Amino acid sequence: MEHPENDEQYKGLTVNSGVAQPSIINPYLKRRQFRRREYSVSEMVEGVLKGNVTILSQTVTLVESVNAAHQSMAQEVIEKCLPYSGRSIRVGISGVPGAGKSTSIDAFGCHVLDTKGGKLAVLAIDPSSERSKGSILGDKTRMEKLSVRPEAFIRPSPTAGSLGGVARKTRETIILCEAAGYDKIFVETVGVGQSETACHSMVDFFLLIQLAGTGDELQGIKRGIMEISDGIVINKCDGSNVDKCHMAATSFRNALHFFPKSESGWMPKVMCYSGFYGTGIKEIWDMVYEYFDFVKANGYFDYRRNEQSKYWMYETINEQLRNSFYQNPLIESMLPEGEEKVLKGEQTSFAAAGELLKTYFDIIKK
């Protein structure tokens, strides 16, 4: 654009053109497109068994993929890694949001590695947004000490809108981690809800993290997550909160007496600790290892592992049937019409579902 100052009416005034703005990109820079190396099934299995963290991470990504080709490869890798799994202790860790699960895992993990040695894998299930479907996957940032240790592997995974689906993926990830030589597995769940049941069905010990002042004794008596817990620990027992934590521990101990005895014969213990200051950590893990000695001695450890394998067989059947139904081309084409009839009130939800299922079963029979 010409400068108006250079017009003839402004004699004696001239504005020179400025220097052209150079490109922000170095003209000598050669763009090289980065492509991640794709491994074959045998290379993945070999890498996992050698404990290669990069290949292990890529294999877990393959397991979590919804691509049918990726799923086929992932199942092949898992099948070949299965004989090398099952030699770890699996601990599920849950609690209300803000209870300090990630901070506690940082303290727990460092303590276990320092006292018992070996390798630790932390599988953190992170909630996905119902609106954007995105997930922060930021639990690792709270595990400052554990994340820099070479013998620890931390893997956050999104729920992706399906607690059961990701729980199954987490179970498959456990198999891969065990094959890679990780003899201790921590599974951190989203919070309090359906995911706890799924988590309980894939771990050996279920640890519930509580906070003081979250309710009276009646809250502790309520069925649900308290029933499936093998140990209850109350976090943030420091400063002026110590007395409240010990009072809450007494309430939880009283509440546990109202529950029927567990199948294992183990009576859950209630303890107080501080994840931030690292106090009471040793006592908790003495209790966890005492539990493992107890259930291995009475044979419940192997019984529970077998029951879990059977449970996940049925869960996998349910998921495969669900996927087969929704991925059928004819059903996909009929679903919008069925939805429209339901929304207009021309057909009930049950009748529409029955019609779709009848069509699907007719296709299978053919």
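Refer to the structure printed above.
Quick look at the structure, then. (Residues numbered from 1 in each chain as written. Predicted model: local features only at pLDDT ≥ 70, side-chain atom pairs only at ≥ 80, totals over all residues. Heavy atoms only, no water.)

### Some thoughts on helix H9 (residues 242–256)
The condition that has to hold: Elements are defined by DSSP. Helices are runs of H or I of four residues or more, strands are runs of E of two residues or more, and each kind is numbered from the N terminus. Here, expected helix span is obtained from the residue count minus one, scaled by 1.5 Å. Working definition: with a 1.4 Å probe on protein chains only, accessible area under 20% of the residue-type maximum means buried, over 50% means exposed, and in between means partly exposed. It is the directions from the helix axis to the C-beta atoms whose arc is reported.
Taking 1.5 Å of rise per residue, 15 residues should cover 21 Å, and H9 covers 21 Å from first to last C-alpha, within 8% of that figure. Along H9, the positions that sit buried rather than exposed are Cys245, Ala248, Ala249, Phe252, Ala255 and Leu256. Projected down its long axis, H9 shows its buried positions confined to an angular sector of 120°, all on one face. Opposite the packed face of H9, turned more than 90 degrees from it, sit the exposed residues Asp243 and Met247.

### Thoughts on the side chain of Arg305
Condition: In protein, a polar contact means a hydrogen-donor-capable atom and an acceptor-capable atom, both N or O and within 3.5 Å, with residues adjacent in sequence counting only if both atoms are side-chain atoms; elsewhere, any N or O pair within 3.5 Å suffices.
Along the chain, Arg305 falls in helix H11 (residues 300–326). There is a polar contact of 2.8 Å between the side chain of Arg305 and the backbone oxygen of Ser88. Polar contacts involving the side chain of Arg305 include one to the side chain of Asp204, which spans 2.8 Å.

### Some thoughts on unusual backbone geometry
Phi at Lys236 takes a positive value of approximately 65°, unusual for a residue other than glycine. Structurally, Lys236 is set in the loop between strand S6 (231–234) and H9. For Lys236, a relative accessible area of 36% gives the class partly exposed.

### What about helix H2 (residues 53–64)?
Each turn of an α-helix holds 3.6 residues, which means side chains three or four residues apart point in the same direction. Between the first and last C-alpha of H2 there are 16 Å, a value that for 12 residues agrees with the 16 Å anticipated at 1.5 Å per step. Of the residues making up H2, those classed as buried are Ile55, Leu56, Gln58, Thr59, Val60, Leu62 and Val63. Capping the start of H2 is the job of one residue whose side-chain oxygen sits 3.0 Å from the backbone nitrogen of Thr54: Asn52.

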